[in-house]
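# Reading the structure
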Amino acid sequence: MPFQFHQFPYGSDNYAVLIHDPSSGETACVDAGDGAVVMSALKHTGWPLSQLWITHHHGDHIAGVAQVKRDTGAQVYGPDGISGVDHVLRGGDHFEFAGLRVDVLHTPGHTLDMLNFYIASEDVVFTGDTLFSMGCGRLFEGDAAMMWDSLQKLMALPPETIIYCSHEYTASNGKFALSVDPDNEALKLRMAEVTEKRAKGVATIPTTLQEELATNPFLRAGNAEAFAELRRLKDRA
């Protein structure tokens, strides 16, 4: 049976995701910025948590780790230097969830410790604050060349890959995208859909790599220098 996904919001614009395998009963959660909200999502689904995957060290992704670990006994996977992590991961590592392989991609730029989680068998990747819908993360710790290299790792995945990112930034990202790519018909159509969804309070995540390759200006930059200029423009927008 295919995995089931339950995305849930917390904070002002964050998302976390539960990943559930109906066959084994195992469940993973990507990030735990709010422990109470994670526990509520688990109660709502009735899924017992076995693994917690951490993308990076920012507080809106790890503030609830201690509570979730205490209340569920889940094993915590993530970067070095984060309290509560049981299994320290680095780029190129892989581990098993529900008998399937999870590949660890190191995608520094937003932070130096950023990890993304790719399940090839399910055509899904969890990109944290690296790749957003029609955007990418701010460069708090890395530089533009580093982030461009990280984005290229994601761009190399199959186009049908489903992308779960950690923030609902699509509307503002799309507005910027139109300002730098105004003749992109795919982008215009997508923004109309995004506007309709957000007016109804509907999430715009997940997205797909195919959609991002067609409409995300940061993936369409072509080289690190052009990417750096786009990032500077977005930071000033």
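Relevant structure appears above.
Residues numbered from 1 in each chain as written. Predicted model: local features only at pLDDT ≥ 70, side-chain atom pairs only at ≥ 80, totals over all residues. Heavy atoms only, no water.

Let us look at the pairing of strand E13 (residues 162-165). Sheet topology note: the strand E10 (residues 124-128)/E13 ladder contains four bridges and is parallel. What sits directly across from valine 125, in E13, is isoleucine 163. Of the strand pairs in this sheet, E13 and strand E14 (residues 207-208) are connected by two bridges, and their pairing is antiparallel. Paired with isoleucine 163 across the bridge in E14 is threonine 207. (Pairing = 2+ DSSP bridges. Helix = DSSP H or I, 4+ residues; strand = E, 2+ residues; numbered from the N terminus.)

Interaxial distance between helix H4 (residues 144-155) and helix H8 (residues 224-236) falls to 9 Å at its minimum, and their mutual angle equals 110°. Considering their axes alone, H4 and H8 lie roughly perpendicular with respect to each other. Contacts between H4 and H8 involve Ala144, Ala145, Met147, Trp148 and Leu151 on the former and, on the latter, Ala224, Phe227 and Ala228. Looking at the contact of H4 with H8 residue by residue, the class counts come to eight nonpolar, no polar and no charged. (Axes fitted to C-alpha atoms, helices over the stretch in contact; angles between N-to-C directions. Parallel < 35°, antiparallel > 145°, perpendicular 65-115°, else oblique. Contact = heavy atoms within 4.5 Å. Nonpolar A, V, L, I, M, F, W, Y, C, P; charged D, E, K, R; others polar.)

With that out of the way, let us pick up the pairing of strand E2 (residues 14-20). For E2, the buried fraction is high: seven of the seven residues fall into the buried class. Going residue by residue along E2, you find Asn14, Ala16, Leu18 and His20 tucked away on one face and Tyr15, Val17 and Ile19 tucked away on the opposite face as well. Between strand E1 (residues 4-10) and E2, which pair antiparallel and follow one another directly, the connecting turn spans three residues, one of which, glycine 11, has a positive phi of 65°. Note that E2 and strand E3 (residues 27-30) share four bridges and pair antiparallel. Within E3, the position partnered with leucine 18 by the bridge is cysteine 29. (Buried < 20%, exposed > 50% of the residue type's maximum accessible area, 1.4 Å probe, protein only.)

Scanning all chains against the criterion turns up eleven salt bridges. Among the ionic pairs, arginine 70 bridges to aspartate 71, the shortest N-O distance being 3.1 Å. For arginine 70, a relative accessible area of 61% translates into the label exposed. Glutamate 212 is the partner of arginine 190 in a salt bridge, and the nearest nitrogen-oxygen pair spans 2.8 Å. Residue arginine 190 is found in helix H6 (residues 185-199), and its partner glutamate 212 is found in helix H7 (residues 209-215); the two are separated by 22 residues along the sequence. Each member of the pair arginine 190 and glutamate 212 is classed as buried. Connected via shared salt-bridge partners are Arg138, Arg231 and Asp235. (Salt bridge = Lys/Arg side-chain N within 4 Å of Asp/Glu carboxyl O.)

Next up on the list: the sheet that holds strand E6 (residues 87-88). If you walk across this open sheet you meet the six strands as E1-E2-E3-E4-E5-E6, and the pairing is mixed. The sheet is open, and its two borders are formed by E1 and E6, each paired with just one other strand. Two strands pair when backbone bridges link them, and strand E4 (residues 51-53) and strand E5 (residues 75-78) are joined in this way by three bridges, in the parallel orientation. Residue pairing across strands places leucine 52 opposite valine 76, the latter belonging to E5. Here helix H1 (residues 35-45) sits on the sheet and contacts E1, E2 and E3; the angle it forms with E1, its principal contact strand, is near 145°.

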